Amino acid sequence: MGSGQLVAVFGAYGHTGRFVVAELAARGFVPVLSGRNAQTLEELADEHGLEARVASVDDPASLDSALAGTAAVINCAGPFASTVGPVIEAALRAKIPYLDVAAELEANLDTFAHYRERARNAGAVIVPAMAFFGGLGDLLATAAMGDWTEADEAHIAYALSNWHPTAGTRLSGAVSRERRGAHRLRYSGGQWERRTDAAPTLEWTFPEPMGRRPVIGEFTMADVVTVPQHLSIPDVTTYMTAEAARDVTAPHTPAPTSTDESGRSNQTFLVDVVVRSGGADRRATAGGQDIYAVTAPLVTEALERVLTGRTKAVGVVSAGEIFDAPDFLHALAPHITLDLVFV
């Protein structure tokens, strides 16, 4: 457990940040709350009896002060296109690990492109997308690979009962769309394609009792960035149930609302991963409640493993590259249900 170690949480007062703060405290860490909104930060600090350190990505000195004396930093502040670079730079100056929960494709691609060699040379640990999108799918794909050294395809299908986006999700999406313009991204043949056609509507057969559902194909999420960074799979595709895709893009879908004492919404999810090589399929499936809430145990488990040396790599690393994927997934009980099937 955390043994009282200080961990900076940048963007602590955001929807996901609050879940991360609570999970860190439950595991014995001492969250140091950080962000640019002084009033909201102080209110959260008073509520939990924690220290608040106001910081802005436009002020490197304030970030240095926010990270001073901490064992690591978790970046929960979107849009990540604006926050990732400055917070990583601050973590490198402080010589502490950096983890984030970014789902933005462009931000994650930038992290791998700009920091991988530098972080490796410095022996630093940077774990982007250590969240529901990016981290969980990557761990499932890695576990499904098992002893395979390469595969032909990886398919990651998300079934969400609904998707009520947070303000942060909407803002991050707007930033990504602005950077992407009229294009959408697909990873095929070992390279990224920029496409202008509409993403296809398909059907995906989820494990029972969910069964066959309409999905938006090539609904490209952060897993498509993280998986090819360390697994030899030339075609990686993600899918989203059509109802959830409509929810998140509709302008008037409400934000998530709490339905239990932990603050989780009633949203349920299933992530179904199929890795294919020749005529063989391997499948890994995880289910649970609230994609934002489950990000907290994902990133906190990752943090604990980094700080206790249960890692396999340094540099900018995907979840499945740095951690023992099956062991990590089993450690997430009771937050997720897990099923691994080799066919």
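Keep in mind that this is a model prediction, so the values were computed, not measured. (Residues numbered from 1 in each chain as written. Predicted model: local features only at pLDDT ≥ 70, side-chain atom pairs only at ≥ 80, totals over all residues. Heavy atoms only, no water.)

Caption draft 1: Examining the pairing of strand E13 (residues 268-277) more closely. Counting buried positions along E13 yields 7 of 10 residues, so the element is predominantly enclosed. Direction of pairing for strand E7 (residues 153-160) relative to E13: antiparallel, over a ladder of 8 bridges. When the bridges of E13 are listed, Ala154 appears paired with Val275. Sheet analysis places E13 next to strand E14 (residues 280-289), joined by 10 bridges and oriented antiparallel. Residue Leu270 lies in a different strand from E14, and its bridge partner there is Gly287. Between E13 and E14, which pair antiparallel in sequence order, lie 2 residues; one of them, Gly278, sits at a positive phi of approximately 60°. (Buried < 20%, exposed > 50% of the residue type's maximum accessible area, 1.4 Å probe, protein only. Helix = DSSP H or I, 4+ residues; strand = E, 2+ residues; numbered from the N terminus. Pairing = 2+ DSSP bridges.)

Caption draft 2: Summary view of the pattern of salt bridges. Counted under the stated rule, the structure contains 24 salt bridges. Between Glu89 and Arg118 there is a salt bridge, with the nearest N and O atoms lying 2.8 Å from each other. Remark: Arg118 occurs in helix H5 (residues 105-122) and Glu89 occurs in helix H4 (residues 80-94); sequence separation between them is 29 residues. Residue classification places Glu89 among the partly exposed positions, given a relative accessible area of 23%. In this structure, Arg212 and Glu203 form a salt bridge, with 2.6 Å as the shortest nitrogen-oxygen distance. Glu203 sits in the partly exposed class, given a relative accessible area of 46%. Taken together, the shared-partner salt bridges connect Glu23, Arg27, Glu301, Glu304, Arg305, Arg310 and Asp327 into one network. (Salt bridge = Lys/Arg side-chain N within 4 Å of Asp/Glu carboxyl O.)

Caption draft 3: The environment of Asp327, seen in detail. As for its placement among the helices and strands, Asp327 is situated in helix H12 (residues 325-331). Engagement of the side chain of Asp327 in a polar contact is seen with the side chain of Arg305, the distance being 2.9 Å. (Polar contact = N/O pair within 3.5 Å; in protein donor to acceptor, adjacent residues only side chain to side chain.)

Caption draft 4: Just the sheet that holds strand E2 (residues 30-35), in detail. The strand order across the open sheet formed by 7 strands is E3-E2-E1-E4-E5-E6-E15, and the pairing between neighbours is parallel. The open sheet terminates on both sides in strands that have one partner only, identified here as strand E3 (51-54) and strand E15 (315-316). Both strand E1 (residues 6-10) and strand E4 (residues 72-75) contribute to a ladder of 4 bridges, which runs parallel. Pairing of Val9 across the sheet is with Ile74, part of E4. Packed on one face of the sheet, helix H3 (residues 60-67) meets E1, E2, E3 and E4 and runs near 165° to E3. (Contact = heavy atoms within 4.5 Å. Axes fitted to C-alpha atoms, helices over the stretch in contact; angles between N-to-C directions.)

Such coordinate-based values are descriptive only and should not be taken to indicate function.
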